[in-house]
Amino acid sequence: MGLPTLGYPPTTQNARVGNFQPGNGNSGRIWTSSQLLDHAEMDGLIQAAYSTLFFHTFRSDRDPFLESQLRNGQITVRDFIRGLALSERFSRWVYRCNSNYEVVTHLVQRLLGRGIYGEKERIALSIVVAQRGLAGFVDALLDSPEYLDNFGYDTVPYQRNRLLPSQAVGNVPFNIELPRYQAYWRDTLALRAPGGHAGAPLIPSRAWANGVPKLSTRLWYGLAIVGALEIGRVLLTTAAAMLSTSM
């Protein structure tokens, strides 16, 4: 049985600001499946869901099976969001190249539509990731009262920007504010290199330490000789054919 989640205060940068508006990532519209009018609007809802999780999506990254289930009413928008958050692309692009702290930041922003309250929340939720894994953490966010009260089962999560009297818009979109990965992943790649450490250049393998290996050199010379002989044969054949034709 896992330990209970650590407590943390739900503080904000300005506790006196309580009004929100839809974020810029979904073009200022709240996409809800219960309010769609036609097939084109369902396309817009699906694109908004991809934008929330991935910012931009190539055709090869889309999930036709999940999309088909959503269009046919077999799953809810909440289930569709869960499928995208647990997809191979999200795991490859976000989960595998970030620490648990950064994974928490990414998912809280994308699924709850707000920034992290503070370091205490980041630590508490990173422990949930360590205990339950990515799927368990995603389920914890989607089952939370905060998610259900704001988005329910039919609404695509959006960035809930705080409106300030002196500003025409709210916060910067999360996809612009937060990079896909930070120096943590870059340094990890350096550590995985032979004899590497953070900030060190990559070291070539032993086979290439003293220049080009002898076997590679011999193969290159052999291919060069074979190619030269083949070109000579073609030239001689062509010349012989030309001479026989002229005679």
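Residues numbered from 1 in each chain as written. Predicted model: local features only at pLDDT ≥ 70, side-chain atom pairs only at ≥ 80, totals over all residues. Heavy atoms only, no water.

A few words now on the pattern of salt bridges. Counting across every chain of the model gives ten salt bridges. With a shortest N-O distance of 3.0 Å, arginine 62 and glutamate 67 are connected by a salt bridge. The class of arginine 62 is partly exposed, set by a relative accessible area of 26%. (Salt bridge = Lys/Arg side-chain N within 4 Å of Asp/Glu carboxyl O. Buried < 20%, exposed > 50% of the residue type's maximum accessible area, 1.4 Å probe, protein only.)

Further remarks concern the confidence of the model for the chain. Across the chain, the average pLDDT comes to 77, with 65% of residues at 70 or higher. Counted against residues more than four places away or in other chains, residues 14–19, with its pLDDT under 50, gives seven contacts. (pLDDT = per-residue confidence, 0-100. Contact = heavy atoms within 4.5 Å.)

Let's shift gears to the side chain of threonine 52. Considering the arrangement of structural elements, one finds threonine 52 in helix 1 (residues 39–54). Classification of threonine 52 by relative accessible area gives buried; the value is 10%. Within the structure, threonine 52 has its side chain in polar contact with the backbone oxygen of proline 157 (distance 3.1 Å). (Helix = DSSP H or I, 4+ residues; strand = E, 2+ residues; numbered from the N terminus. Polar contact = N/O pair within 3.5 Å; in protein donor to acceptor, adjacent residues only side chain to side chain.)

Let us look at the environment of tyrosine 50. Along the chain, tyrosine 50 turns up in helix 1. Spatially, the C-alpha atoms of tyrosine 50 and aspartate 61 are 9.6 Å apart, while their sequence positions differ by eleven residues. In terms of polar contacts, tyrosine 50 uses its side chain to reach the backbone amide nitrogen of aspartate 63, at 2.8 Å. Within the structure, the side chain of tyrosine 50 is placed 2.7 Å from the side chain of glutamate 67, a separation counted as a polar contact.

With that settled, the discussion passes to helix 2 (residues 64–71). Here helix 2 has its buried residues at Leu66, Glu67, Gln69 and Leu70. All buried residues of helix 2 lie within an arc of 160 degrees about the axis, which places them on one face of the element. Those residues of helix 2 that are exposed and angled more than 90 degrees off the buried face are Pro64 and Phe65. Those residues of helix 2 hidden inside the fold are in contact with helix 1 and helix 3 (77–85). Of the residues flanking the end of helix 2, it is glycine 73, one or two places downstream, whose phi is positive at about 75 degrees. (Arc of directions from axis to C-beta.)

Looking at helix 4 (residues 88–95), one finds that the buried residues are Arg89, Phe90, Ser91 and Val94. On its buried face, helix 4 sits against helix 1, helix 3 and helix 5 (100–112).

At a minimum axis separation of 9 Å, helix 5 and helix 6 (residues 119–142) run at an interaxial angle of 50 degrees. By the angle between their directions, the pair helix 5 and helix 6 is classed as oblique. For the crossing formed where helix 5 meets helix 6, the hand is left-handed. Taking contact as the criterion, the partners of Asn100, Tyr101, Val103, Val104, Thr105, Leu107, Val108, Leu111 and Leu112 in helix 5 are, on helix 6, Arg122, Ile123, Leu125, Ser126, Val129, Ala130, Leu134, Phe137, Val138, Leu141 and Leu142. Here the contact of helix 5 with helix 6 is built from residues that sort into 16 nonpolar, three polar and one charged. (Axes fitted to C-alpha atoms, helices over the stretch in contact; angles between N-to-C directions. Parallel < 35°, antiparallel > 145°, perpendicular 65-115°, else oblique. Left-handed = near helix turned anticlockwise from the far one by under 90°. Nonpolar A, V, L, I, M, F, W, Y, C, P; charged D, E, K, R; others polar.)

Attention shifts here to the packing of helix 1 against helix 3. Contact geometry for helix 1 and helix 3: axes closest at 10 Å, N-to-C directions at 40 degrees. The orientation of helix 1 relative to helix 3 falls into the category oblique. Seen from above, helix 1 lies across helix 3 with right-handed handedness. Contacts between helix 1 and helix 3 involve Leu45, Ile46, Ala49, Tyr50, Leu53 and Phe54 from the former and Val77, Phe80, Ile81, Leu84 and Ala85 from the latter. When the residues that make up the contact of helix 1 with helix 3 are grouped by side-chain class, the tally is eleven nonpolar, no polar and no charged.

Moving on to the packing of aromatic side chains. Summed over the entire model, instances satisfying the criterion amount to five aromatic pairs. Where tyrosine 50 meets phenylalanine 80, the ring centres are 5.9 Å apart and the plane angle is 85 degrees; that geometry is what we call edge-to-face. Of this pair, tyrosine 50 sits in helix 1 while phenylalanine 80 sits in helix 3, and the two are 30 residues apart along the sequence. Aromatic ring contacts, followed pair by pair, group Tyr50, Phe54, Phe80 and Phe90 into a single cluster. The ring of phenylalanine 54 has arginine 89 sitting right over it, with the charged end atom 4.6 Å from the ring centre. (Phe/Tyr/Trp six-rings, centres within 6.5 Å; stacked < 30°, edge-to-face > 60°. Lys NZ or Arg CZ within 6 Å of the ring centre and 35° of its normal.)

Here we take up the nonpolar core. By size, the foremost hydrophobic cluster in this structure holds 39 residues, and its most contacted members are Phe80, Ile81 and Leu107. Elements represented by at least two residues in this core include exactly helix 1, helix 2, helix 3, helix 4, helix 5 and helix 6. In contact with phenylalanine 80, other than residues within four places in its own chain, are Ile46, Ala49, Tyr50, Leu66, Glu67, Leu70 and Ile75. (Core = buried A, V, L, I, M, F, W, Y, C linked by side-chain atoms within 4.5 Å.)

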